[in-house]
Amino acid sequence: MRRLTVPLADRSYEVVVGRGVVAELATLLPSTAQRAAVVTQDGIPDEIELPGVEITTFIIGQGESAKTLDTIATLMSGFAAMGLTRHDVVIGVGGGMVTDIAGFAAASWHRGIPVVHVSTSLLGMVDAAIGGKTGVNLPEGKNLVGAYWQPSGVLCDLDFLDTLPPREMRCGLGEMAKYHFLTGDNLLAMDLEERVARCIEIKAEVVASDEREGGRRAILNYGHTFAHALEIATGHQLAHGEAVAIGLIYAAELGFELGRIDATRVQQHRDVVAGEYDLMTQPPPGLDADELLALMHRDKKALTGLTFVLDSPHGVEVVTSVDEAPVRAAMSRLLQ
Ligand code: GLY
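The paragraphs below set out a description of the structure included in this document. Here the structure is a predicted model, which means the values were calculated and not measured.

Overview of the overall build of the protein chain
- When helices and strands are counted, the protein chain shows 11 helices and 11 strands.
- Whereas a compact globule of 336 residues would reach a radius of gyration of roughly 20 Å, the protein chain reaches 20 Å, a difference of no more than 12%.
- Overall, the protein chain is about 60 × 40 × 35 Å in size when its C-alpha atoms are taken along their principal axes.
- Evaluated residue by residue, the protein chain yields a buried proportion of 55% over its 336 residues.
- A fraction of 69% describes how many contacts in the protein chain between residues 6 or more apart in sequence connect residues 24 or more apart.
- Looking at the protein chain as shown, the accessible area adds up to about 14100 Å², and 51% of this sits on carbon and sulfur atoms.
- Here the protein chain contributes 27 positive and 44 negative side-chain charges, whose respective centroids are spaced 4 Å apart.

Next comes the structure, spelled out in C-alpha coordinates:
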(Lines give C-alpha, C1' and ligand atoms only; values in the text may rest on other atoms or scores of the structure.)
Protein backbone atom coordinates (compact mmCIF):
# COMPACT_ATOMS: atom_id res chain seq x y z
CA MET A 1 0.00 0.00 0.00
CA ARG A 2 1.26 3.50 -0.83
CA ARG A 3 0.09 6.77 0.74
CA LEU A 4 0.75 9.76 -1.51
CA THR A 5 0.02 13.42 -0.84
CA VAL A 6 -1.51 16.04 -3.10
CA PRO A 7 0.27 19.06 -1.58
CA LEU A 8 -2.16 22.00 -1.50
CA ALA A 9 -1.33 23.73 1.80
CA ASP A 10 -4.36 23.54 4.12
CA ARG A 11 -6.27 21.55 1.48
CA SER A 12 -3.61 18.86 1.08
CA TYR A 13 -4.91 15.30 1.03
CA GLU A 14 -3.82 11.70 0.86
CA VAL A 15 -4.30 9.26 -1.99
CA VAL A 16 -4.05 5.63 -0.88
CA VAL A 17 -3.09 3.19 -3.64
CA GLY A 18 -2.92 -0.60 -3.47
CA ARG A 19 -4.90 -3.80 -3.19
CA GLY A 20 -7.63 -3.96 -0.55
CA VAL A 21 -7.16 -0.31 0.43
CA VAL A 22 -10.92 0.27 0.53
CA ALA A 23 -10.52 -0.94 4.14
CA GLU A 24 -8.68 2.35 4.81
CA LEU A 25 -11.76 4.49 4.04
CA ALA A 26 -12.46 5.42 7.66
CA THR A 27 -8.94 6.91 7.96
CA LEU A 28 -9.76 9.50 5.28
CA LEU A 29 -13.10 10.72 6.68
CA PRO A 30 -13.42 13.92 8.71
CA SER A 31 -13.56 13.00 12.41
CA THR A 32 -16.83 14.94 12.73
CA ALA A 33 -18.73 12.84 10.16
CA GLN A 34 -21.86 11.20 11.55
CA ARG A 35 -23.55 10.74 8.17
CA ALA A 36 -22.18 9.77 4.79
CA ALA A 37 -23.97 10.30 1.47
CA VAL A 38 -22.55 7.59 -0.79
CA VAL A 39 -22.96 8.48 -4.48
CA THR A 40 -22.51 5.50 -6.78
CA GLN A 41 -23.95 3.60 -9.76
CA ASP A 42 -25.57 0.21 -10.32
CA GLY A 43 -22.96 -2.45 -11.00
CA ILE A 44 -20.24 -0.92 -8.84
CA PRO A 45 -19.21 -3.26 -6.02
CA ASP A 46 -20.75 -2.08 -2.75
CA GLU A 47 -17.84 -2.38 -0.34
CA ILE A 48 -18.45 0.57 1.95
CA GLU A 49 -18.54 -0.25 5.66
CA LEU A 50 -18.23 2.54 8.20
CA PRO A 51 -19.18 1.52 11.74
CA GLY A 52 -20.70 4.45 13.64
CA VAL A 53 -21.52 6.42 10.48
CA GLU A 54 -25.08 6.47 9.10
CA ILE A 55 -24.83 5.72 5.38
CA THR A 56 -27.42 6.77 2.78
CA THR A 57 -26.73 5.50 -0.73
CA PHE A 58 -27.69 7.39 -3.90
CA ILE A 59 -27.59 5.52 -7.20
CA ILE A 60 -27.11 7.85 -10.17
CA GLY A 61 -27.71 6.98 -13.85
CA GLN A 62 -25.12 5.66 -16.30
CA GLY A 63 -23.54 7.51 -19.20
CA GLU A 64 -22.94 11.12 -20.19
CA SER A 65 -26.71 11.74 -20.48
CA ALA A 66 -27.02 11.34 -16.69
CA LYS A 67 -24.18 13.76 -15.95
CA THR A 68 -26.59 16.67 -15.56
CA LEU A 69 -27.81 19.41 -13.27
CA ASP A 70 -30.98 17.33 -12.81
CA THR A 71 -28.88 14.59 -11.22
CA ILE A 72 -27.30 17.21 -8.93
CA ALA A 73 -30.77 18.54 -7.99
CA THR A 74 -31.95 15.00 -7.13
CA LEU A 75 -28.89 14.50 -4.93
CA MET A 76 -29.47 17.87 -3.21
CA SER A 77 -33.04 16.85 -2.31
CA GLY A 78 -31.71 13.56 -0.98
CA PHE A 79 -29.04 15.35 1.08
CA ALA A 80 -31.77 17.59 2.54
CA ALA A 81 -33.93 14.57 3.40
CA MET A 82 -31.07 12.83 5.24
CA GLY A 83 -30.08 16.04 7.09
CA LEU A 84 -26.51 16.11 5.72
CA THR A 85 -24.46 18.84 7.46
CA ARG A 86 -21.06 20.49 6.98
CA HIS A 87 -19.68 18.08 9.58
CA ASP A 88 -20.68 15.12 7.40
CA VAL A 89 -19.23 13.74 4.19
CA VAL A 90 -20.09 12.81 0.62
CA ILE A 91 -18.37 9.66 -0.68
CA GLY A 92 -18.15 9.12 -4.44
CA VAL A 93 -17.73 5.42 -5.24
CA GLY A 94 -17.18 4.80 -8.94
CA GLY A 95 -15.39 5.95 -12.05
CA GLY A 96 -14.76 9.48 -13.30
CA MET A 97 -18.40 10.31 -13.92
CA VAL A 98 -19.40 9.40 -10.37
CA THR A 99 -16.54 11.28 -8.72
CA ASP A 100 -17.15 14.36 -10.94
CA ILE A 101 -20.81 14.40 -9.84
CA ALA A 102 -20.19 13.54 -6.19
CA GLY A 103 -17.50 16.25 -6.08
CA PHE A 104 -19.78 18.88 -7.59
CA ALA A 105 -22.65 17.91 -5.28
CA ALA A 106 -20.30 18.22 -2.28
CA ALA A 107 -18.95 21.56 -3.55
CA SER A 108 -22.50 22.92 -3.84
CA TRP A 109 -24.19 21.49 -0.75
CA HIS A 110 -24.18 24.12 2.04
CA ARG A 111 -21.54 25.90 -0.13
CA GLY A 112 -19.12 23.05 0.25
CA ILE A 113 -18.78 19.98 2.45
CA PRO A 114 -16.04 17.32 2.54
CA VAL A 115 -15.92 14.66 -0.16
CA VAL A 116 -13.87 11.46 -0.32
CA HIS A 117 -13.49 9.53 -3.56
CA VAL A 118 -13.28 5.75 -3.85
CA SER A 119 -12.12 5.42 -7.42
CA THR A 120 -13.09 2.14 -9.09
CA SER A 121 -11.74 2.69 -12.63
CA LEU A 122 -8.22 3.10 -13.95
CA LEU A 123 -9.16 6.40 -15.62
CA GLY A 124 -10.52 7.66 -12.32
CA MET A 125 -7.42 6.59 -10.40
CA VAL A 126 -4.86 8.23 -12.68
CA ASP A 127 -6.93 11.28 -13.58
CA ALA A 128 -10.54 12.11 -12.70
CA ALA A 129 -10.53 11.48 -8.94
CA ILE A 130 -7.36 13.52 -8.38
CA GLY A 131 -7.05 17.29 -8.61
CA GLY A 132 -10.46 18.68 -7.73
CA LYS A 133 -12.10 19.22 -11.12
CA THR A 134 -15.82 18.50 -10.69
CA GLY A 135 -18.84 19.19 -12.84
CA VAL A 136 -21.65 18.18 -15.14
CA ASN A 137 -22.63 18.57 -18.80
CA LEU A 138 -25.13 20.91 -20.43
CA PRO A 139 -26.94 20.15 -23.72
CA GLU A 140 -24.49 22.72 -25.16
CA GLY A 141 -21.36 20.77 -24.20
CA LYS A 142 -19.42 18.54 -21.82
CA ASN A 143 -18.32 19.68 -18.33
CA LEU A 144 -19.50 23.25 -18.90
CA VAL A 145 -20.73 23.68 -15.31
CA GLY A 146 -18.55 22.81 -12.36
CA ALA A 147 -16.22 23.84 -9.57
CA TYR A 148 -12.72 23.17 -8.33
CA TRP A 149 -13.36 21.26 -5.12
CA GLN A 150 -10.55 19.18 -3.72
CA PRO A 151 -11.46 15.90 -2.02
CA SER A 152 -10.39 15.20 1.57
CA GLY A 153 -8.90 11.92 0.44
CA VAL A 154 -8.89 9.41 -2.41
CA LEU A 155 -8.75 5.60 -2.37
CA CYS A 156 -7.45 3.75 -5.42
CA ASP A 157 -8.09 0.08 -4.72
CA LEU A 158 -6.50 -1.92 -7.52
CA ASP A 159 -8.78 -4.90 -6.73
CA PHE A 160 -11.55 -3.01 -8.57
CA LEU A 161 -9.52 -3.24 -11.78
CA ASP A 162 -9.75 -7.06 -11.78
CA THR A 163 -13.42 -6.82 -12.75
CA LEU A 164 -13.30 -3.63 -14.82
CA PRO A 165 -14.85 -4.19 -18.29
CA PRO A 166 -12.10 -4.35 -20.97
CA ARG A 167 -13.27 -1.20 -22.72
CA GLU A 168 -13.09 0.81 -19.48
CA MET A 169 -9.63 -0.59 -18.86
CA ARG A 170 -8.59 0.57 -22.35
CA CYS A 171 -9.92 4.05 -21.56
CA GLY A 172 -7.77 4.18 -18.45
CA LEU A 173 -4.74 3.03 -20.40
CA GLY A 174 -5.35 5.87 -22.89
CA GLU A 175 -5.08 8.41 -20.05
CA MET A 176 -2.17 6.54 -18.52
CA ALA A 177 -0.28 6.63 -21.83
CA LYS A 178 -0.03 10.43 -21.69
CA TYR A 179 2.00 10.27 -18.46
CA HIS A 180 4.77 8.47 -20.35
CA PHE A 181 5.51 11.80 -22.06
CA LEU A 182 5.04 14.29 -19.21
CA THR A 183 8.25 13.46 -17.35
CA GLY A 184 11.44 11.52 -18.02
CA ASP A 185 10.23 8.58 -15.89
CA ASN A 186 10.47 5.11 -17.36
CA LEU A 187 6.92 4.02 -16.55
CA LEU A 188 7.45 0.93 -18.72
CA ALA A 189 9.78 -0.46 -16.05
CA MET A 190 7.11 -0.26 -13.32
CA ASP A 191 4.48 -2.78 -12.26
CA LEU A 192 0.82 -1.69 -12.21
CA GLU A 193 0.75 -0.46 -8.60
CA GLU A 194 3.94 1.54 -8.95
CA ARG A 195 2.83 2.93 -12.31
CA VAL A 196 -0.61 4.04 -11.02
CA ALA A 197 1.08 5.61 -8.00
CA ARG A 198 3.65 7.42 -10.17
CA CYS A 199 0.92 8.78 -12.51
CA ILE A 200 -0.88 10.13 -9.43
CA GLU A 201 2.34 11.70 -8.14
CA ILE A 202 2.95 13.37 -11.50
CA LYS A 203 -0.61 14.70 -11.55
CA ALA A 204 -0.37 15.84 -7.91
CA GLU A 205 2.81 17.79 -8.64
CA VAL A 206 1.25 19.53 -11.66
CA VAL A 207 -1.99 20.32 -9.78
CA ALA A 208 -0.03 21.69 -6.82
CA SER A 209 1.84 24.05 -9.16
CA ASP A 210 -1.30 25.35 -10.92
CA GLU A 211 -4.50 24.24 -9.19
CA ARG A 212 -6.91 26.29 -11.30
CA GLU A 213 -5.26 25.84 -14.68
CA GLY A 214 -3.85 29.30 -15.11
CA GLY A 215 -1.18 27.71 -17.31
CA ARG A 216 0.87 24.60 -16.54
CA ARG A 217 -2.02 22.31 -15.52
CA ALA A 218 -3.05 22.30 -19.18
CA ILE A 219 -0.19 19.86 -19.88
CA LEU A 220 -2.42 17.21 -18.32
CA ASN A 221 -4.48 17.67 -21.48
CA TYR A 222 -1.71 16.29 -23.70
CA GLY A 223 -3.45 14.58 -26.63
CA HIS A 224 -6.83 16.00 -25.63
CA THR A 225 -7.42 18.73 -28.26
CA PHE A 226 -7.74 16.23 -31.09
CA ALA A 227 -9.37 13.71 -28.72
CA HIS A 228 -12.22 16.06 -27.82
CA ALA A 229 -12.82 16.81 -31.52
CA LEU A 230 -12.86 13.06 -32.26
CA GLU A 231 -15.32 12.35 -29.45
CA ILE A 232 -17.76 14.93 -30.83
CA ALA A 233 -17.23 14.07 -34.52
CA THR A 234 -17.90 10.36 -33.84
CA GLY A 235 -21.02 11.15 -31.78
CA HIS A 236 -19.19 9.71 -28.75
CA GLN A 237 -18.75 6.30 -30.40
CA LEU A 238 -15.17 6.72 -29.26
CA ALA A 239 -14.97 6.89 -25.48
CA HIS A 240 -12.75 9.55 -23.91
CA GLY A 241 -9.72 7.36 -23.18
CA GLU A 242 -9.89 5.73 -26.62
CA ALA A 243 -9.91 9.18 -28.21
CA VAL A 244 -7.00 10.32 -26.02
CA ALA A 245 -4.90 7.38 -27.27
CA ILE A 246 -5.41 8.55 -30.86
CA GLY A 247 -4.99 12.17 -29.77
CA LEU A 248 -1.54 11.38 -28.39
CA ILE A 249 -0.43 10.03 -31.77
CA TYR A 250 -1.92 13.09 -33.45
CA ALA A 251 -0.08 15.40 -31.02
CA ALA A 252 3.18 13.59 -31.81
CA GLU A 253 2.58 13.89 -35.56
CA LEU A 254 1.80 17.59 -35.18
CA GLY A 255 4.89 18.08 -33.03
CA PHE A 256 6.91 16.43 -35.79
CA GLU A 257 5.24 18.56 -38.46
CA LEU A 258 6.19 21.71 -36.50
CA GLY A 259 9.80 20.53 -36.11
CA ARG A 260 9.47 20.23 -32.33
CA ILE A 261 10.26 16.49 -32.10
CA ASP A 262 11.95 13.96 -34.37
CA ALA A 263 10.72 10.71 -35.91
CA THR A 264 12.24 8.64 -33.08
CA ARG A 265 10.10 10.48 -30.54
CA VAL A 266 6.99 9.99 -32.70
CA GLN A 267 7.79 6.28 -32.80
CA GLN A 268 8.10 6.27 -28.98
CA HIS A 269 4.49 7.52 -28.84
CA ARG A 270 3.40 4.67 -31.13
CA ASP A 271 5.39 2.16 -29.06
CA VAL A 272 3.58 3.16 -25.87
CA VAL A 273 0.06 3.59 -27.27
CA ALA A 274 -0.02 0.71 -29.77
CA GLY A 275 2.75 -1.46 -28.32
CA GLU A 276 2.59 -1.32 -24.52
CA TYR A 277 -1.14 -0.63 -24.27
CA ASP A 278 -2.42 -2.19 -27.51
CA LEU A 279 -4.70 0.79 -28.16
CA MET A 280 -6.13 2.05 -31.44
CA THR A 281 -3.96 4.77 -33.03
CA GLN A 282 -6.18 5.61 -36.00
CA PRO A 283 -9.58 7.26 -35.96
CA PRO A 284 -12.52 5.38 -37.49
CA PRO A 285 -12.87 5.94 -41.26
CA GLY A 286 -15.05 8.61 -42.83
CA LEU A 287 -14.19 11.57 -40.61
CA ASP A 288 -14.10 14.99 -42.21
CA ALA A 289 -10.91 17.03 -41.67
CA ASP A 290 -12.77 20.36 -41.99
CA GLU A 291 -15.19 19.35 -39.23
CA LEU A 292 -12.35 18.20 -36.96
CA LEU A 293 -10.53 21.49 -37.57
CA ALA A 294 -13.67 23.51 -36.75
CA LEU A 295 -14.14 21.51 -33.55
CA MET A 296 -10.51 22.14 -32.51
CA HIS A 297 -11.04 25.89 -33.04
CA ARG A 298 -13.88 25.63 -30.49
CA ASP A 299 -11.74 23.86 -27.86
CA LYS A 300 -11.90 25.50 -24.39
CA LYS A 301 -8.11 26.06 -24.50
CA ALA A 302 -8.27 27.86 -27.88
CA LEU A 303 -8.29 31.42 -26.52
CA THR A 304 -5.50 32.59 -28.86
CA GLY A 305 -6.00 30.69 -32.12
CA LEU A 306 -5.63 26.93 -32.52
CA THR A 307 -4.04 25.71 -29.28
CA PHE A 308 -2.36 22.39 -28.55
CA VAL A 309 -0.30 20.79 -25.85
CA LEU A 310 2.82 19.63 -27.69
CA ASP A 311 6.03 17.80 -26.92
CA SER A 312 9.50 19.30 -27.35
CA PRO A 313 13.07 18.40 -26.34
CA HIS A 314 12.48 20.32 -23.08
CA GLY A 315 9.10 18.76 -22.33
CA VAL A 316 5.39 19.09 -23.03
CA GLU A 317 4.02 22.65 -23.19
CA VAL A 318 1.04 24.69 -24.37
CA VAL A 319 1.45 26.10 -27.89
CA THR A 320 -0.95 28.80 -29.09
CA SER A 321 -1.71 30.30 -32.53
CA VAL A 322 -0.76 27.15 -34.45
CA ASP A 323 -1.21 27.57 -38.24
CA GLU A 324 -3.87 25.50 -39.97
CA ALA A 325 -1.46 24.06 -42.57
CA PRO A 326 0.58 21.82 -40.20
CA VAL A 327 -2.61 20.92 -38.30
CA ARG A 328 -4.14 19.71 -41.57
CA ALA A 329 -0.92 17.96 -42.64
CA ALA A 330 -0.71 16.00 -39.38
CA MET A 331 -4.39 15.09 -39.73
CA SER A 332 -4.02 13.82 -43.26
CA ARG A 333 -1.14 11.56 -42.18
CA LEU A 334 -3.28 10.19 -39.37
CA LEU A 335 -6.46 9.82 -41.42
CA GLN A 336 -4.65 8.04 -44.29
N1 GLY B 1 -7.98 15.97 -16.44
C2 GLY B 1 -7.08 17.06 -16.48
C3 GLY B 1 -7.02 17.82 -15.20
O4 GLY B 1 -7.45 17.34 -14.17
O5 GLY B 1 -6.52 18.92 -15.21
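So, next bit.
Re the pairing of strand β5 (residues 89-94)
- The buried fraction of β5 is high, at 6 of 6 residues.
- Judged from the 4 bridges that link them, strand β3 (residues 35-41) and β5 form a sheet pairing that is parallel. Counterpart to valine 38 in the pairing with β5 is isoleucine 91.
- Here 5 bridges tie β5 to strand β6 (residues 115-119), and the two strands are oriented parallel to one another. Residue pairing for β6: isoleucine 91 is matched across the bridge by valine 116.
- For the crossover that starts at β5, traverses helix α3 (residues 96-108) and ends in the parallel β6, the hand is right-handed.

Thoughts on the nonpolar core
- Counting residues in each nonpolar core, the largest one holds 70 residues, and the members touching the most others are Val15, Val196, Phe226, Tyr250, Met296, Phe308 and Val327.
- Here this core gets 9 residues from one element, more than from any other, and that element is helix α8 (residues 240-257).
- If we ignore the near neighbours within four places in the chain, the residues touching valine 15 are Arg2, Arg3, Leu4, Val6, Ile130, Val154, Cys156 and Ile200.
- If you look at the next biggest cluster of nonpolar residues, it comprises 43 residues, including Met76, Val89, Ala102 and Val118.

Observations concerning the packing of helix α7 (residues 224-233) against helix α10 (residues 289-297)
- Across the interface, α7 lies against α10 with an axial gap of 9 Å and an inter-helix angle of 120°. One finds that α7 runs oblique with respect to α10. α10 is crossed by α7, and the crossing has right-handed handedness. Across from Thr225, Phe226, Ala229, Leu230, Ile232 and Ala233 in α7, the residues of α10 making contact are Glu291, Leu292, Leu295 and Met296.

A look at the site of the ligand
- In the neighbourhood of the ligand, the contacting residues comprise Asp127, Lys133, Lys203, Glu213, Arg217, Leu220 and Asn221.
- The contact in question runs from an oxygen atom of the ligand to an N or O atom on the side chain of lysine 203, over 2.6 Å.
- The separation between an oxygen atom of the ligand and a polar side-chain atom of arginine 217 is 2.7 Å.
- Relative to its free-state accessible area of 200 Å², the ligand is covered by the protein chains to the extent of 89%.

Topic: helix α9 (residues 263-276)
- Between the first and last C-alpha of α9 there are 18 Å, a value that for 14 residues agrees with the 20 Å anticipated at 1.5 Å per step.
- Looking at α9, one finds that the buried residues are Val266, His269, Val272 and Val273.

Quick notes on the environment of valine 322
- When you line up the elements, valine 322 lands in the loop between β11 (317-319) and α11 (324-335).
- Looking at valine 322, the relative accessible area reads 8%, which means it is buried.
- Taking the C-alpha atoms as reference points, valine 322 and threonine 307, separated by 15 residues in sequence, lie 6.3 Å from one another.
- Beyond its immediate sequence surroundings of up to four residues, valine 322 is in contact with Leu258, Leu306, Phe308 and Val327.

Here we look at the environment of leucine 303
- Turning to its location among the elements, leucine 303 is positioned in the loop between α10 and β10 (308-310).
- A relative accessible area of 75% places leucine 303 in the exposed class.
- C-alpha separation for the pair leucine 303 and threonine 320, spaced 17 residues apart in sequence, amounts to 8.2 Å.

Rules behind the numbers
Residues numbered from 1 in each chain as written. Predicted model: local features only at pLDDT ≥ 70, side-chain atom pairs only at ≥ 80, totals over all residues. Heavy atoms only, no water. Helix = DSSP H or I, 4+ residues; strand = E, 2+ residues; numbered from the N terminus. Rg over C-alpha atoms; globule rule 2.2 N^0.38 Å. Buried < 20%, exposed > 50% of the residue type's maximum accessible area, 1.4 Å probe, protein only. Contact = heavy atoms within 4.5 Å. Areas by Shrake-Rupley, 256 points an atom, 1.4 Å probe, with all protein chains shown as cover. Lys, Arg positive; Asp, Glu negative; His and termini not counted. Charge placed at Lys NZ, Arg CZ, Asp CG, Glu CD. Pairing = 2+ DSSP bridges. Right-handed = clockwise from strand over helix to strand, strands pointing away. Core = buried A, V, L, I, M, F, W, Y, C linked by side-chain atoms within 4.5 Å. Axes fitted to C-alpha atoms, helices over the stretch in contact; angles between N-to-C directions. Parallel < 35°, antiparallel > 145°, perpendicular 65-115°, else oblique. Left-handed = near helix turned anticlockwise from the far one by under 90°. Near = heavy atom within 4 Å. Polar contact = N/O pair within 3.5 Å; in protein donor to acceptor, adjacent residues only side chain to side chain. Expected span 1.5 Å × (residues − 1).

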